[in-house]
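Architecture at a glance
One letter stands for each residue in the lines below.
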Amino acid sequence: MTGPAETPDPRAPLDRLAAITANRIGCFEWDPAGGRFTLDDTGLAVFDLRPEEYEGTTASLNQRMPVEEVMRMHRLLEDIRAGRSESYSSYVRIRLRDGATRWTHVQGQAVHDPGLRVLGVVRDATTELAHSAMRLMAEDDRQRQQAALREMVAALGEALSVTDVVAVLTGDQSRRRLGAQGISLGVVDHGRLRMVGAIGPLPVGAQAMRRARLTDPWPLNDVVRSGEPAFYTSQAAFLRQYPDLAELVAASTATAAAFLPLVAQGRPIGAMALIYAGRRTFSIEDRTLLTTLTSAIAQSLQRAILVDQSREIAAGLQSAMLPRRLPVLRGGSLAVRYRTARVGTWIGGDWYDAVALAEDAVGVAIGDVQGHDTEAAAIMGQLRIAMTAYASEGHSAASVLARASAFLADLPADRFATCLYAQVALATGETWLVNAGHLPPLVRRADGSVLRLDLPTGLPLGLPADWGAGGYPASVFRLGHGDSLLFYTDGLVERPGEDLERGLARLAEVFAAGPAQLPALADHVRDTLGERLEAEDDAALLLLHRD
């Protein structure tokens, strides 16, 4: 007879290996001395690593862990290595190969037999933390993102030109703030979306968009026309909307994208694309934050476009008021440079001119009309033409300035101007200089030394004649062979809060250190000082070299 079937003993030992594997608990062994970090197959699966791509070191795991997690784990392991701890237990975020985030729990114990080893287990802890740590992490991420966007909005508030706006949005810092792999910006321009800046991967079809019109079916074009943002959280969802772009999408590693219209005062002025690698969702909070950001970008961009347009008009007017060409001299050469102020829409009254006189002589002038507006530029043009006429009539240097002052005083605008004027006989080098409240000229000798000519100074042009009974006294100076005479305006030497003497000394140093060739010397002076000084004012320089 057979007895009754045996009932399994509930106290019988469990199959530990089967239980560990079934619960996706991986095992590891760390050898601090040898630098080896061995993971079993389940442990590799938890870290989303394939056996062939894991090198068996802690460095191999770093590719799956954010920097802050790597640093935290490094501190825990160092505590064990240094004997400050015998065990550790920690929840760690890791990045999967598709970009998603997984929570893991890592637990280790030091074993001394006789060398130090650390034995431990690692498991997927995403589910158990879904309603606590993940929620706290999301709130922390949201607060960090809000702070980052506030910083971007503050930076956009200081942007004065389209170039400034592009620099704010496409800098590495902005990419980190937004968590995007790529950022690109386009502005509406005559029926097209013109790309003005990008960092990282471009949106799909960006190259083709350079030739496309707004009516063409591209993602950025569509959001400009509709005025509504478009969010895609998979390539499949994107291709359902744009199947013709399948070939372009195939080469992309993007997992999500946001296409955002830039609308100012109800009018679309551009669009921005954010490309993400690893992102899978856009929460309601994410979309609200991005919509808020695009509103700030649109306002900043609209203001910058208007400033750029005004600056372009001002620069054109300013350029039209300056001489188109300089006279060709026998026995000497001329070079001029002009740097426009980069602050707002300022347009200055800085000017220069040169006119050929009888018997191989030349008259050269530089000046600055009071003010930074279109009226200053218009008066500058009239004054320059009047002085050229007086010089061409053969008047002495002092008489040219006296007549120019009377001319300016008769104009309806209540303005004055500083001016420096010289007549140079190139055959002999004899030079007559007169100064109407302007900065002193510099001379660079043939041996490279620099001399400042401190001249008697009359009143600025345009003031009542009875204010300056002494007129404009002329000083005589000899310009030697190989010497160069430098005239300049205050935008080249003045710096807010700095003594003028320091600016003059700096100019003399730069002038002395420049190359021998006149055009190269003019570039050297303008570019060197342009890098050191804030361009809050126009700057002009005129160089006359005697062969």
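All of the points below concern the structure found in this document. Keep in mind it's a predicted model, so treat the numbers as computed, not measured.

1. Quick word on the sheet that holds strand S10 (residues 267-276)
Read from one edge to the other, the open sheet built from 5 strands follows the order S7-S6-S10-S9-S8, with strand pairing classed as antiparallel. Each edge of the sheet is formed by a strand with only one pairing partner; in this case those strands are strand S7 (192-199) and strand S8 (230-232). For this sheet, the mean inter-axis angle between neighbouring strands, taken without regard to orientation, is 20 degrees. Where strand S9 (residues 256-264) lies against S10, 9 bridges are found, and the strand directions are antiparallel. Within S10, the position partnered with Leu 260 by the bridge is Met 272. In the packing of helix H7 (residues 162-169) onto the sheet, contacts are made with strand S6 (182-189), S7 and S10, and the angle to S6 comes to roughly 155 degrees. On the sheet, helix H10 (residues 219-226) packs against S6, S7, S8, S9 and S10 and is oriented at approximately 140 degrees with respect to S10.

2. Comments concerning H7
When we look at burial in H7, the residues that qualify are Val 162, Val 165, Val 166, Val 168 and Leu 169. The buried residues of H7 occupy an angular sector of 160 degrees when projected down its axis, which confines them to one face.

3. Structural notes on the sheet that holds strand S21 (residues 539-546)
Reading across the sheet, the 5 strands line up as S11-S21-S20-S16-S17 and stay open at both edges, with antiparallel pairing between neighbours. Across the chains shown, the open sheet's two edge strands, defined by having one partner strand only, are strand S11 (332-339) and strand S17 (450-452). Within this sheet the neighbouring strands show an average axis-to-axis angle of 20 degrees, counted without direction. Seen against the sheet, helix H16 (residues 500-513) touches strand S16 (442-444), S17, strand S20 (484-488) and S21 and runs at an angle of roughly 25 degrees to S16.

4. Observations regarding H10
Of all 8 residues in H10, 6 are buried, a share of seventy percent or more. Here H10 has its buried residues at Pro 219, Leu 220, Asn 221, Asp 222, Val 223 and Val 224. Looking one or two residues past H10, Gly 227 carries a phi angle of roughly 75 degrees, positive in sign.

5. Here's the deal with the side chain of Arg 102
Secondary-structure assignment places Arg 102 in strand S4 (residues 101-112). A distance of 3.3 Å separates a polar atom in the side chain of Arg 102 from the backbone oxygen of Ala 45. With residues near it in sequence (within four places) discarded, Arg 102 still touches Arg 24, Ala 45, Val 46, Asp 48, Val 92, Arg 93, Ile 94, Leu 96, Asp 124 and Thr 126.

6. So, the pattern of salt bridges
Under the definition given, this model contains 19 salt bridges. For Asp 113, the salt bridge goes to Arg 117, with nearest N and O atoms at 2.6 Å. Look at Arg 117 and you get partly exposed, because its relative accessible area is 23%. Put simply, Asp 454 and Arg 452 hold a salt bridge, and the shortest N to O gap is 3.3 Å.

7. Looking at the packing of aromatic side chains
Taken as a whole and judged by the stated rule, the model has 9 aromatic pairs. With a centroid separation of 6.4 Å and 65 degrees between ring planes, the pair formed by Tyr 232 and Tyr 242 is classed as edge-to-face. Taken together, the residues span a long stretch of sequence, with Tyr 232 in strand S8 and Tyr 242 in the loop between helix H11 (235-241) and helix H12 (246-250) at a distance of 10 residues. For Tyr 232, a relative accessible area of 12% corresponds to the buried category. Through successive ring pairs, a cluster of aromatic residues spans Tyr 232, Phe 238, Tyr 242 and Phe 259. Its end group placed over the ring of Tyr 276, Arg 279 keeps NZ or CZ at 4.9 Å from the ring centre.

8. A short note on unusual backbone geometry
Even without glycine at this site, His 190 takes up a positive phi of about 50 degrees. Looking at where His 190 falls in the secondary structure, it is placed in the loop between S6 and S7. Exposure remark for His 190: the relative accessible area of 74% places this residue in the exposed category.

Rules used in this analysis
Residues numbered from 1 in each chain as written. Predicted model: local features only at pLDDT ≥ 70, side-chain atom pairs only at ≥ 80, totals over all residues. Heavy atoms only, no water. Pairing = 2+ DSSP bridges. Helix = DSSP H or I, 4+ residues; strand = E, 2+ residues; numbered from the N terminus. Axes fitted to C-alpha atoms, helices over the stretch in contact; angles between N-to-C directions. Contact = heavy atoms within 4.5 Å. Buried < 20%, exposed > 50% of the residue type's maximum accessible area, 1.4 Å probe, protein only. Arc of directions from axis to C-beta. Polar contact = N/O pair within 3.5 Å; in protein donor to acceptor, adjacent residues only side chain to side chain. Salt bridge = Lys/Arg side-chain N within 4 Å of Asp/Glu carboxyl O. Phe/Tyr/Trp six-rings, centres within 6.5 Å; stacked < 30°, edge-to-face > 60°. Lys NZ or Arg CZ within 6 Å of the ring centre and 35° of its normal.

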